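Below, each chain spelled out in residue letters.
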Amino acid sequence: MRLATIATIAFPSAVTMVAADTAPGPSMIESPCVKICTLDARSGLCLGCGRTIDEIARWTAMGAAERSRVTGELPSRLATGRRAETACATG
């Protein structure tokens, strides 16, 4: 992997920031966020991704297994939320 220097700060030999010329590596944590960040007051779930505020806040601190478990639950959470919205709308 070739690195490109972005900036040298204060002490040239001590601190150098670099960026990879390649795509993000495995250190990047994937997120189910879809940029529709609105919490439902009744369910406590984000209407975009289906996570709770606690899960959103702890996401980067969670282990891979816990993130995988939560991610696996999201489709059913979102489907349940959509059914509840439809039921409320049709009264």
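Above this text sits the structure in question.
Analysis parameters
- Residues numbered from 1 in each chain as written.
- Predicted model: local features only at pLDDT ≥ 70, side-chain atom pairs only at ≥ 80, totals over all residues.
- Heavy atoms only, no water.
- Helix = DSSP H or I, 4+ residues; strand = E, 2+ residues; numbered from the N terminus.
- Buried < 20%, exposed > 50% of the residue type's maximum accessible area, 1.4 Å probe, protein only.
- Contact = heavy atoms within 4.5 Å.
- Expected span 1.5 Å × (residues − 1).

## So, the environment of Ile36
Then step 1. Of note, Ile36 is situated in the loop between β2 (16–20) and α1 (53–58).
Then step 2. Ile36 gets classed as partly exposed once you look at its relative accessible area, which sits at 48%.
Then step 3. For the pair Ile36 and Gly48, spaced 12 residues apart in the sequence, the C-alpha separation amounts to 4.6 Å.
Then step 4. Those residues in contact with Ile36 that lie beyond four places of it in its chain are Cys46, Leu47 and Gly48.

## Thoughts on helix α2 (residues 64–90)
Then step 1. Between its first and last C-alpha, α2 extends 40 Å over 27 residues, near the 39 Å set by a 1.5 Å rise per residue.
Then step 2. Along α2, the positions that sit buried rather than exposed are Arg67, Val70, Leu74, Arg77 and Leu78.
Then step 3. In this fold, the buried residues of α2 make contact with α1.

## A closer look at the environment of Glu30
Then step 1. Tracing the chain through its elements places Glu30 in the loop between β2 and α1.
Then step 2. Accessibility expressed as a relative area gives 72% for Glu30, which makes it exposed.
Then step 3. In sequence terms Glu30 and Thr60 are 30 residues apart; their C-alpha atoms lie 9.2 Å from each other.

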